[in-house]
Protein chains: 2
Amino acid sequence: MAAQSKREFSYKFWLECNGKPVLGKGGVQILQEIKKEGSLTKAAANLSMSYRYVWGYLHKIEKALGEPVVDTHKGGRLGGGGARLTKVGENLLSDYKHLEDNLDKFLHNAKSKRSD
Amino acid sequence: MAAQSKREFSYKFWLECNGKPVLGKGGVQILQEIKKEGSLTKAAANLSMSYRYVWGYLHKIEKALGEPVVDTHKGGRLGGGGARLTKVGENLLSDYKHLEDNLDKFLHNAKSKRSD
(Lines give C-alpha, C1' and ligand atoms only; values in the text may rest on other atoms or scores of the structure.)
Protein backbone atom coordinates (compact mmCIF):
# COMPACT_ATOMS: atom_id res chain seq x y z
CA MET A 1 0.00 0.00 0.00
CA ALA A 2 2.30 2.75 -1.32
CA ALA A 3 4.00 4.55 1.50
CA GLN A 4 6.34 7.46 1.05
CA SER A 5 5.76 8.20 -2.63
CA LYS A 6 2.38 9.74 -1.90
CA ARG A 7 3.73 12.82 -0.18
CA GLU A 8 1.85 15.96 -1.14
CA PHE A 9 3.46 19.17 0.10
CA SER A 10 1.49 22.32 0.73
CA TYR A 11 1.66 25.24 3.10
CA LYS A 12 -0.30 27.47 5.42
CA PHE A 13 0.45 31.11 5.16
CA TRP A 14 -0.99 34.40 6.30
CA LEU A 15 0.04 38.00 6.67
CA GLU A 16 0.10 39.69 10.04
CA CYS A 17 0.17 43.34 11.00
CA ASN A 18 1.66 44.23 14.38
CA GLY A 19 1.38 40.58 15.34
CA LYS A 20 -2.32 40.29 14.48
CA PRO A 21 -3.49 38.03 11.62
CA VAL A 22 -4.61 40.19 8.69
CA LEU A 23 -4.96 38.09 5.59
CA GLY A 24 -5.00 34.36 4.90
CA LYS A 25 -6.58 32.16 2.26
CA GLY A 26 -10.11 32.91 3.48
CA GLY A 27 -9.67 36.67 3.52
CA VAL A 28 -8.10 36.60 0.08
CA GLN A 29 -11.10 34.77 -1.35
CA ILE A 30 -13.37 37.41 0.14
CA LEU A 31 -11.35 40.36 -1.17
CA GLN A 32 -11.06 38.80 -4.61
CA GLU A 33 -14.77 38.19 -4.82
CA ILE A 34 -15.61 41.73 -3.68
CA LYS A 35 -13.21 43.10 -6.27
CA LYS A 36 -14.89 40.98 -8.94
CA GLU A 37 -18.50 41.58 -7.96
CA GLY A 38 -18.36 45.10 -6.53
CA SER A 39 -20.78 43.97 -3.83
CA LEU A 40 -20.56 42.36 -0.40
CA THR A 41 -23.87 40.59 -0.87
CA LYS A 42 -22.87 39.01 -4.17
CA ALA A 43 -19.40 38.15 -2.88
CA ALA A 44 -20.93 36.41 0.15
CA ALA A 45 -23.42 34.51 -2.02
CA ASN A 46 -20.69 33.33 -4.43
CA LEU A 47 -18.65 32.04 -1.51
CA SER A 48 -21.65 30.47 0.24
CA MET A 49 -21.01 32.67 3.25
CA SER A 50 -23.43 34.87 5.11
CA TYR A 51 -23.25 38.62 4.63
CA ARG A 52 -22.70 38.88 8.36
CA TYR A 53 -19.71 36.54 8.21
CA VAL A 54 -18.10 38.47 5.36
CA TRP A 55 -18.71 41.76 7.10
CA GLY A 56 -17.21 40.42 10.32
CA TYR A 57 -14.18 39.12 8.45
CA LEU A 58 -13.56 42.49 6.83
CA HIS A 59 -14.01 44.19 10.16
CA LYS A 60 -11.35 41.94 11.68
CA ILE A 61 -8.91 42.73 8.86
CA GLU A 62 -9.54 46.44 9.20
CA LYS A 63 -9.10 46.36 12.94
CA ALA A 64 -5.72 44.62 12.64
CA LEU A 65 -4.67 47.03 9.91
CA GLY A 66 -6.10 50.20 11.40
CA GLU A 67 -7.56 51.14 8.02
CA PRO A 68 -10.46 50.00 5.80
CA VAL A 69 -9.76 47.52 3.01
CA VAL A 70 -13.20 47.91 1.48
CA ASP A 71 -15.23 51.01 0.67
CA THR A 72 -18.98 50.49 0.78
CA HIS A 73 -21.68 52.88 -0.32
CA LYS A 74 -25.44 52.78 -0.07
CA GLY A 75 -27.30 52.59 -3.32
CA GLY A 76 -29.70 55.45 -2.60
CA ARG A 77 -33.45 55.14 -3.06
CA LEU A 78 -33.22 52.11 -5.29
CA GLY A 79 -31.24 50.16 -2.71
CA GLY A 80 -28.40 47.95 -3.86
CA GLY A 81 -25.23 49.81 -3.09
CA GLY A 82 -21.74 48.60 -3.82
CA ALA A 83 -18.33 47.81 -2.48
CA ARG A 84 -14.83 48.20 -3.78
CA LEU A 85 -11.37 47.59 -2.41
CA THR A 86 -9.52 50.59 -1.04
CA LYS A 87 -5.95 51.17 -2.21
CA VAL A 88 -4.71 49.46 0.94
CA GLY A 89 -7.01 46.52 0.23
CA GLU A 90 -5.74 46.29 -3.37
CA ASN A 91 -2.13 46.36 -2.19
CA LEU A 92 -2.71 43.71 0.44
CA LEU A 93 -4.41 41.45 -2.05
CA SER A 94 -1.71 41.81 -4.69
CA ASP A 95 1.07 41.33 -2.11
CA TYR A 96 -0.58 38.15 -0.91
CA LYS A 97 -1.09 36.83 -4.44
CA HIS A 98 2.50 37.57 -5.30
CA LEU A 99 3.73 35.64 -2.26
CA GLU A 100 1.35 32.80 -2.95
CA ASP A 101 2.58 32.51 -6.54
CA ASN A 102 6.11 32.37 -5.27
CA LEU A 103 5.33 29.66 -2.74
CA ASP A 104 3.37 27.63 -5.27
CA LYS A 105 6.14 27.79 -7.84
CA PHE A 106 8.73 26.83 -5.30
CA LEU A 107 6.74 23.91 -3.92
CA HIS A 108 6.11 22.69 -7.43
CA ASN A 109 9.83 22.78 -8.22
CA ALA A 110 10.76 21.18 -4.90
CA LYS A 111 8.28 18.43 -5.67
CA SER A 112 9.87 17.55 -8.99
CA LYS A 113 13.27 17.73 -7.32
CA ARG A 114 12.18 15.34 -4.55
CA SER A 115 10.67 12.79 -6.87
CA ASP A 116 14.08 11.96 -8.36
CA MET B 1 0.14 59.15 19.30
CA ALA B 2 1.16 58.00 15.82
CA ALA B 3 -1.57 55.90 14.28
CA GLN B 4 -1.26 54.13 10.96
CA SER B 5 2.44 54.74 10.34
CA LYS B 6 3.38 52.15 12.95
CA ARG B 7 2.24 49.16 10.91
CA GLU B 8 4.68 46.29 11.08
CA PHE B 9 3.96 43.47 8.64
CA SER B 10 5.04 39.92 9.25
CA TYR B 11 3.75 36.45 8.42
CA LYS B 12 3.04 33.02 9.75
CA PHE B 13 4.09 30.20 7.55
CA TRP B 14 4.59 26.46 7.72
CA LEU B 15 4.95 23.51 5.40
CA GLU B 16 2.44 20.70 5.38
CA CYS B 17 2.63 17.18 4.04
CA ASN B 18 -0.63 15.46 3.10
CA GLY B 19 -2.46 18.16 5.05
CA LYS B 20 -0.47 17.67 8.25
CA PRO B 21 1.81 20.42 9.58
CA VAL B 22 5.45 19.42 9.07
CA LEU B 23 7.71 22.38 9.55
CA GLY B 24 7.23 25.85 10.97
CA LYS B 25 9.47 28.37 12.69
CA GLY B 26 9.87 26.18 15.80
CA GLY B 27 10.80 23.05 13.88
CA VAL B 28 13.28 24.98 11.75
CA GLN B 29 15.06 26.25 14.85
CA ILE B 30 15.33 22.68 16.11
CA LEU B 31 16.65 21.27 12.83
CA GLN B 32 19.13 24.11 12.45
CA GLU B 33 20.45 23.61 15.95
CA ILE B 34 20.80 19.84 15.48
CA LYS B 35 22.64 20.44 12.23
CA LYS B 36 24.98 22.86 14.00
CA GLU B 37 25.57 20.86 17.17
CA GLY B 38 25.29 17.29 15.92
CA SER B 39 23.42 16.43 19.10
CA LEU B 40 19.83 16.50 20.32
CA THR B 41 20.91 17.22 23.88
CA LYS B 42 23.00 20.25 22.91
CA ALA B 43 20.37 21.50 20.48
CA ALA B 44 17.72 21.29 23.20
CA ALA B 45 19.96 23.08 25.71
CA ASN B 46 20.79 25.90 23.25
CA LEU B 47 17.09 26.42 22.62
CA SER B 48 16.15 26.17 26.31
CA MET B 49 13.90 23.23 25.48
CA SER B 50 13.76 19.86 27.17
CA TYR B 51 15.23 16.88 25.35
CA ARG B 52 11.79 15.30 25.56
CA TYR B 53 10.17 18.27 23.83
CA VAL B 54 12.70 18.23 21.00
CA TRP B 55 12.34 14.51 20.59
CA GLY B 56 8.55 14.80 20.51
CA TYR B 57 8.75 17.58 17.94
CA LEU B 58 10.95 15.52 15.66
CA HIS B 59 8.67 12.56 16.08
CA LYS B 60 5.71 14.69 14.97
CA ILE B 61 7.58 15.88 11.87
CA GLU B 62 8.60 12.35 10.98
CA LYS B 63 5.10 11.02 11.45
CA ALA B 64 3.65 13.64 9.10
CA LEU B 65 6.41 12.98 6.60
CA GLY B 66 6.54 9.21 6.88
CA GLU B 67 10.33 9.34 7.06
CA PRO B 68 12.99 10.37 9.61
CA VAL B 69 14.48 13.86 9.39
CA VAL B 70 17.17 13.11 11.95
CA ASP B 71 19.54 10.17 12.30
CA THR B 72 20.64 9.45 15.85
CA HIS B 73 23.28 7.04 17.02
CA LYS B 74 24.37 5.92 20.43
CA GLY B 75 27.90 6.84 21.43
CA GLY B 76 28.96 3.37 22.49
CA ARG B 77 30.66 2.68 25.78
CA LEU B 78 31.68 6.25 26.37
CA GLY B 79 28.12 7.49 26.04
CA GLY B 80 27.43 10.73 24.18
CA GLY B 81 26.11 9.75 20.79
CA GLY B 82 25.12 12.13 18.07
CA ALA B 83 22.50 13.28 15.67
CA ARG B 84 22.53 14.53 12.13
CA LEU B 85 19.89 15.52 9.60
CA THR B 86 18.92 12.94 7.03
CA LYS B 87 18.85 13.98 3.38
CA VAL B 88 15.10 14.54 3.68
CA GLY B 89 15.70 16.68 6.77
CA GLU B 90 18.35 18.72 4.95
CA ASN B 91 16.05 19.25 1.97
CA LEU B 92 13.13 20.29 4.15
CA LEU B 93 15.28 22.76 6.04
CA SER B 94 16.76 24.32 2.93
CA ASP B 95 13.35 24.52 1.24
CA TYR B 96 11.93 26.29 4.25
CA LYS B 97 14.85 28.72 4.49
CA HIS B 98 14.55 29.51 0.80
CA LEU B 99 10.86 30.28 1.17
CA GLU B 100 11.46 32.31 4.30
CA ASP B 101 14.12 34.40 2.55
CA ASN B 102 11.69 35.05 -0.27
CA LEU B 103 8.94 36.12 2.11
CA ASP B 104 11.30 38.32 4.11
CA LYS B 105 12.64 40.06 1.02
CA PHE B 106 9.19 40.63 -0.35
CA LEU B 107 7.81 42.01 2.91
CA HIS B 108 10.80 44.29 3.21
CA ASN B 109 10.20 45.63 -0.30
CA ALA B 110 6.47 45.95 0.26
CA LYS B 111 7.21 47.92 3.41
CA SER B 112 9.37 50.49 1.63
CA LYS B 113 6.75 50.68 -1.12
CA ARG B 114 3.98 51.34 1.39
CA SER B 115 5.82 54.04 3.26
CA ASP B 116 5.79 56.33 0.19
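Below or above, wherever it landed, is the structure these notes cover. Within each chain, residue numbers correspond to sequence positions counted from 1 in written order. Both sets of labels track the order of writing: A upward for chains, 1 upward for ligands. Only residues with pLDDT of at least 70 are given local features in this predicted model, and only at 80 or more are side-chain atom pairs given and counted; all residues enter the totals for whole chains, interfaces and linings.

Let's talk about the overall build of chain A
Phase 1 of the analysis: Across its full length, chain A holds 4 helices and 4 strands.
Phase 2 of the analysis: Put simply, a residue is buried when 20 or more other C-beta atoms lie within 10 Å of its own C-beta and exposed when 12 or fewer do; between those, it is partly exposed, and each C-beta is set from the backbone. When burial is assessed residue by residue, chain A has 21% of its 116 residues classed as buried.
Phase 3 of the analysis: When contacts within chain A are restricted to residue pairs at least 6 apart in sequence, those whose partners lie at least 24 apart make up 44%. Helix numbers and strand numbers start at the N terminus; a helix is a DSSP run of H or I with at least 4 residues, a strand a run of E with at least 2. The contact criterion used is a C-beta to C-beta distance within 7 Å, with each C-beta placed from the backbone.

Quick word on the relation of the copies chain B and chain A
Phase 1 of the analysis: For the pair chain B and chain A, the best superposition has an RMSD of 0.0 Å and corresponds to a rotation of 180° with a translation of 0.0 Å parallel to the axis. Here the transformation between the copies is reduced to the relation of a two-fold axis. Minimal C-alpha distance to the rotation axis in chain B is attained by Phe13 of chain B, lying at 2.2 Å.
Phase 2 of the analysis: The residues that chain B uses at the interface reappear at the interface of chain A in 100% of cases, marking a shared surface. Superposition of the copies used a least-squares fit over C-alpha atoms from residues whose pLDDT is at least 70 in both.

Brief notes about the interface of chain B and chain A
Phase 1 of the analysis: Listed as interface residues are 25 residues of chain B and, on the opposing side, 25 residues of chain A.
Phase 2 of the analysis: Breaking the side of chain B that touches chain A down by element, the ones donating at least two residues are strand 1 (9-17) and helix 4 (87-114) of chain B.
Phase 3 of the analysis: Summarising the sheet, strand 1 (residues 9-17) of chain A and strand 1 of chain B pair through 9 bridges and their orientation is antiparallel. Its bridge partner being in strand 1 of chain B, Glu16 of chain A is matched across the sheet by Ser10 of chain B. Strands were regarded as paired on the criterion that DSSP finds at least two bridges between them.

Focus: the sheet that holds strand 1 of chain A
Phase 1 of the analysis: As summarised here, the arrangement of the 4 strands in space is 2(A)-1(A)-1(B)-2(B), forming an open sheet in which the pairing is antiparallel. Looking at the sheet topology across the chains shown, the edges are occupied by strand 2 (20-23) of chain A together with strand 2 (20-23) of chain B. Looking at each pair of strands side by side, their axes are set apart by 50° on average, direction ignored.
Phase 2 of the analysis: Bridge count for strand 1 of chain B against strand 2 of chain B is 3 bridges, and the pairing is antiparallel. By the bridge assignment for strand 2 of chain B, Glu16 of chain B is matched with Pro21 of chain B.
Phase 3 of the analysis: Across the sheet, helix 3 (residues 51-65) of chain B lies against strand 1 and strand 2 of chain B, angled at about 120° from strand 2 of chain B, the strand it touches most. Only the stretch in contact is used when a helix axis is fitted, and all axes are lines through C-alpha atoms; the angle between N-to-C directions ranges over 0 to 180 degrees.

Remarks on the environment of His98 of chain A
All names here are of chain A.
Phase 1 of the analysis: Mapped onto the fold, His98 is located in helix 4 (residues 87-114).
Phase 2 of the analysis: Residue class for His98 comes out partly exposed when judged on the 13 C-beta atoms lying within 10 Å of it.
Phase 3 of the analysis: It is 14 Å that separates the C-alpha atoms of His98 and Gln32, two residues lying 66 residues apart in sequence.

Focus on the packing of helix 1 (residues 25-37) of chain A against helix 3 (residues 51-65) of chain A
All names here are of chain A.
Phase 1 of the analysis: It is the contact of helix 1 with helix 3, at a shortest axis distance of 11 Å, that shows an interaxial angle of 110°. Comparing the axis directions of helix 1 and helix 3 gives the class roughly perpendicular. The handedness of the crossing between helix 1 and helix 3 comes out as left-handed. Together, Gly26, Gly27 and Ile30 of helix 1 and Val54, Tyr57, Leu58 and Ile61 of helix 3 make up the contact between the two elements. Oblique is the label for any angle not covered by the other classes, which are roughly parallel (under 35 degrees), roughly antiparallel (over 145) and roughly perpendicular (65 to 115). By convention the crossing between two helices is left-handed if the near helix lies anticlockwise of the far one by an angle smaller than a right angle, and right-handed if it lies clockwise.

Regarding helix 1 (residues 25-37) of chain B
Residues and elements named next belong to chain B.
Phase 1 of the analysis: The terminal C-alpha atoms of helix 1, which comprises 13 residues, lie 18 Å apart, in line with the 18 Å expected from a rise of 1.5 Å per residue.
Phase 2 of the analysis: For helix 1, the set of buried residues is Gly27, Ile30, Leu31 and Ile34. Axial view of helix 1: buried residues confined to an arc of 95°, hence all on one face. Among the exposed residues of helix 1, those pointing more than 90 degrees away from its buried face are Lys25 and Lys36.
Phase 3 of the analysis: The first or second residue beyond helix 1 is Gly38, which carries a positive phi of 65°. Here, expected helix span is obtained from the residue count minus one, scaled by 1.5 Å. Note that the arc is defined by the directions from the helix axis to the C-beta atoms.

Focus: helix 3 of chain B
Spacing of three or four residues puts side chains on the same side of an α-helix, whose turn is 3.6 residues.
Residue and element names in this part refer to chain B.
Phase 1 of the analysis: Under the 1.5 Å per step criterion, the end-to-end length of helix 3 is 21 Å for 15 residues, consistent within 8% with the ideal 21 Å.
Phase 2 of the analysis: Within helix 3, burial applies to Val54, Leu58, Ile61 and Leu65. Buried residues of helix 3, viewed axially, fall in a sector of 60°; they line one side. Exposed residues pointing more than 90 degrees away from the buried face of helix 3 are listed as Arg52, Gly56 and Lys63.

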